[in-house]
Amino acid sequence: MLGQSLFVLASAALALGSPVEKRDVTCRSPIPDPPLPITGGATELPPVPDNLELKVIALGLGIQNYTCASVGASPVSTGALAMFYDISLLYPESGPNALTIEKFNQLPAFALNHHEIPLHFNDSTVGRVSIEGPGASLKRPFTRATPLDLGEYGSLPFLGRHFFNSDGAPTFVLQRGSINVVAAKKASVPAPGSADPGPAGTGAVAWLALDANANSRGASLVYRVETAGGNSHGCAQAAGQDSTSYSAQYWFYGPK
Ligand SMILES: *[C@@H]1O[C@H](CO)[C@@H](O)[C@H](O)[C@H]1NC(C)=O
Ligand SMILES: *[C@@H]1O[C@H](CO)[C@@H](O)[C@H](O)[C@H]1NC(C)=O
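Residue positions are counted from 1 within each chain, in the order its sequence is given. Chain letters and ligand numbers both follow the written order, the letters beginning at A and the numbers at 1. The predicted origin of the model limits local features to residues at a pLDDT of at least 70 and limits the giving and counting of side-chain atom pairs to 80 or more, whereas totals for whole chains, interfaces and linings rest on all residues. Excluded from the side-chain calculations are hydrogens and water; all other atoms, namely the structure's heavy atoms, are used.

Caption draft 1: How the structure looks around the pairing of strand β10 (residues 207-212). Within β10, five of the six residues are buried, which leaves the element mostly enclosed by the surrounding structure. Strands were regarded as paired on the criterion that DSSP finds at least two bridges between them. Helix and strand assignments follow DSSP, with helices taken as H or I runs no shorter than four residues and strands as E runs no shorter than two, numbered in order from the N terminus. Where β10 and strand β11 (residues 221-229) come together, four bridges link them in antiparallel fashion. Following the sheet pairing, A209 is matched in β11 by Y223. Type-normalised accessible area, obtained with a 1.4 Å probe on protein chains alone, sets the label of each residue: buried when under 20%, exposed when over 50%, and partly exposed for intermediate values.

Here is the structure:
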């Protein structure tokens, strides 16, 4: 996608017939998609198939939800809620505001540690594992579709929302529904040891590959990478519901 839009620009320049631009274009093929980040661990997420191209890179900022059946039980994931912002044009060499790859990869950790979570929280502590992990409002969890002001990183355009549907499947509604994906986990690898553990110090959630189901629109494969925070507070203190703030990059791929 990112390469293709440059290619379209180049083609437009060719149509204008300037000899300088023409020389540029004839020997340049579309710029390949940026490479998917790798953890550097023993196993990596499955590679992007050749027939897919990158559609958009999102920054997700939200919460991971868990249940503790009893004190001492293992926390069970019950989904996530997150607001998504478009960071495609911050990728190195993608535009006037592009970042270095180091700063780009640090976006989730920076957002998680420098911005409040853009959700409506429920401050009731009834049935909660810890007061440090409030849940979202059940009535109206999401905030308005406004840009995320990230200080030195600038203002990130609103892209969409991520939640789990009534069947418990991860769902992404982006660009007013032009990307509408219900997905299932295809692969998971631990976040690198250097990943930001989040404000509560619980550790970063795994990196994932998610396959879109057949009714999805706009993307067929989603990767969650460069995660920060989000692991459970654990069940040592109490039974009940728990939430942990997290951030991550989400890379959306679809047919070329
Ligand atoms: C936890 O996440 C699930 C999945 O998106 C959502 O349905 C539920 O309302 C959330 N609960 C709280 C308390 O945040
Ligand atoms: C807030 O949490 C309490 C306790 O779980 C629940 O009874 C109430 O419905 C929640 N309110 C909203 C708006 O989510």
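Caption draft 2: Quick peek at helix α4 (residues 107-114). Here α4 lies mainly inside the structure; six of its eight residues are buried. Residues are treated as being in contact if the distance between any of their heavy atoms lies within 4.5 Å. In this structure, the buried residues of α4 make contact with β1 (52-68), α3 (101-105), β11 and β12 (240-255).

Caption draft 3: Structural context of the site of ligand 2. We call a residue near a given molecule or strand whenever any one of its heavy atoms falls within 4 Å of it. The local shell around ligand 2 consists of N122, S124, V126, S137 and L138. One of the backbone nitrogen or oxygen atoms of L138 is found 2.7 Å away from an oxygen atom of ligand 2. With residues, only the protein chains shown are counted as cover, and all accessible areas are computed by Shrake-Rupley using a 1.4 Å probe. When isolated, ligand 2 has an accessible area of 370 Å², and the protein chains bury 54% of it. Polar contacts, as counted here, are pairs of nitrogen or oxygen atoms within 3.5 Å of one another; within protein the pair requires one atom able to donate a hydrogen and one able to accept it, and residues that are adjacent in sequence qualify only if both atoms are side-chain atoms.

Caption draft 4: How the structure looks around the pattern of salt bridges. Salt bridges are defined as contacts in which a side-chain nitrogen from Lys or Arg sits within 4 Å of a carboxyl oxygen from Asp or Glu. Applying the stated criterion across every chain yields a total of three salt bridges. With a closest N to O distance of 2.8 Å, E53 and K55 form a salt bridge. E53 gets classed as buried once you look at its relative accessible area, which sits at 12%. Using a relative accessible area of 23% as the deciding quantity, one classes K55 as partly exposed.

Caption draft 5: Just the sheet that holds strand β8 (residues 170-174), in detail. Read around the closed barrel, eight strands run β1-β2-β7-β8-β9-β10-β11-β12, paired in antiparallel fashion. Pairs of neighbouring strands in the sheet enclose a mean axial angle of 30°, with direction left out of account. Comment: axis = line fitted to C-alpha atoms, over the contacting stretch for helices; angle = value between 0 and 180 degrees taken between N-to-C directions. Across the sheet, α4 is in contact with β1, β11 and β12; its angle to β12 comes to roughly 145°.

Caption draft 6: Quick peek at the site of ligand 1. Ligand 1 sits among I63, N65, T78, A80, L81, R128, G135, A136, L138, F163 and F164. In the model, an oxygen atom of ligand 1 is placed 2.8 Å from a nitrogen or oxygen of the A80 main chain. In this structure, an oxygen atom belonging to ligand 1 sits 3.0 Å away from a main-chain N or O atom of F164. Coverage of ligand 1 by the protein chains reaches 75% of its 360 Å² of free accessible surface. Contributions of two or more residues to the shell around ligand 1 are made by β1, β2 (76-86), β4 (135-136) and β7 (158-164).

Caption draft 7: Examining the state of the cysteines more closely. Working definition: a disulfide is two cysteine sulfur atoms within 2.5 Å of each other. A complete count under the given rule lists one disulfide for this structure. The disulfide partner of C68 is C235, and the S-S distance across this bridge is 2.1 Å. One quick way to see it: the torsion about the S-S bond of C68 and C235 is about -80°, and its sign makes the bridge left-handed. Taken together, the residues span a long stretch of sequence, with C68 in strand β1 and C235 in the loop between β11 and β12 at a distance of 167 residues. Exposure class is identical for C68 and C235. Each is buried.

Everything listed here is a matter of coordinates, which is why it stays silent on function.
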